[in-house]
Amino acid sequence: MYAYGPVPSRRFGRSVGISPIPEKTCSYSCVYCQLGRTRNLTIKREHFFPVDDILADIEKVVSANEHKIDYLTLVGDGEPTLSADLGEIIHACKTRFPYKVGVITNGSLLWMQEVRQELSEADVVNISMSTSDPETFQGLHRPHVGLSFERVRDGIQQFATTFKGQIWAEVMLVDFVNTDSGEMEALRTLIDNVRPSRTYIMTPTRPPAEKWVLIPSPEKIIMALSLFGGEDITQLEHGTFGLDEFKSANEAISEICRRHPLRLSQARTIEAYFAQRSLDRLITEGKFKIVEYQNHKYVLPTEFIFGTRAVAQN
Ligand code: SF4
């Protein structure tokens, strides 16, 4: 399944997620990633899946949820700009459907001319901008060996000079990694140079790839909000998931969990929608586990939990 939702998104409202890449394929392996450690760490762009299949999936989700959608969002179970079909998918979305198209990217491939070109038809490109120096960049994102801080920073700035849509900057704060006041001041300068329409301040609200990742104190979050003039999306999202295209609670929970970690209460709501109890069996079979994080219980695929899979570099 390449398209799913709509899911409630703190930035994109009712968002149909589109994933044009295989699970956990990314150019980074961020310490805060809610999908666990990256399995396929790569900067090689590929035609991963048939575009017609992706578009057919989008069509199916859209027709089941007309009038309930704010954005079609390319997000991926990793980094969506790794798809060499990105431009074709965005163009098809813009011409076939009456919705805005957003892309959530870590920005690491914007130094590639073809990536900047392929993103040009999107309405919004949401870019991670969380570090202002090479050491913190390495520590927070654990990037592919082909990426340096300078290369990524310059690519983002180059993209910002030509892109006609809106750029939204996303700052992920991890305590003691990028919350030093000097670091934040330097980051503000970088973000100012990109002139984003919005800046979002985020914290790891869902279980992170590494156990030691900490949410900053309210004082540090407030400092960041005043420094960046950003919007606070450090709280959990609310809203319902589009379930019409799923045939069973089992399928819905399994698919949604892999893209959007579910709170236990949300998984139980899905079971109630289908009048089926399937979660307990999925847990007994070892496919999912319940993880407690920040006073909430989450249902996570077993392989997501604190990086039980190795990182391979391509
Ligand atoms: S947080 Fe995003 S950029 Fe970082 S590893 Fe996860 S998917 Fe990749």
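See the structure shown above.
First things first, this report covers the structure right here in the doc. (Residues numbered from 1 in each chain as written. Predicted model: local features only at pLDDT ≥ 70, side-chain atom pairs only at ≥ 80, totals over all residues. Heavy atoms only, no water.)

**Details of the packing of aromatic side chains**
- This model, assessed by the stated rule, comprises nine aromatic pairs.
- Seen in terms of ring centroids, tyrosine 2 and phenylalanine 49 are 4.9 Å apart; in terms of plane orientation they differ by 45°. Their pairing is tilted. Taken as a pair, tyrosine 2 in the segment before β1 (3–9) and phenylalanine 49 in the loop between β4 (40–41) and α1 (51–64) lie far apart in primary sequence, 47 residues in all.
- By relative accessible area, tyrosine 2 is classed as buried at 18%.
- Among the residues examined, phenylalanine 49 registers a relative accessible area of 23% and is labelled partly exposed.
- The ring of tryptophan 111 has arginine 151 sitting right over it, with the charged end atom 3.6 Å from the ring centre.
- Just above the ring of phenylalanine 176 sits the side chain of lysine 220; from NZ or CZ to the centre is 4.4 Å. (Phe/Tyr/Trp six-rings, centres within 6.5 Å; stacked < 30°, edge-to-face > 60°. Helix = DSSP H or I, 4+ residues; strand = E, 2+ residues; numbered from the N terminus. Buried < 20%, exposed > 50% of the residue type's maximum accessible area, 1.4 Å probe, protein only. Lys NZ or Arg CZ within 6 Å of the ring centre and 35° of its normal.)

**Some words on the pairing of strand β2 (residues 13–18)**
- Of the strand pairs in this sheet, β1 and β2 are connected by five bridges, and their pairing is antiparallel. Looking across to β2, one finds that tyrosine 4 is bridged to glycine 17.
- The hairpin turn running from β1 into β2, its antiparallel successor, is three residues long.
- Bridging between β2 and strand β5 (residues 71–74) involves four bridges; their strand directions are parallel. Paired with valine 16 across the two strands is leucine 72, which belongs to β5. (Pairing = 2+ DSSP bridges.)

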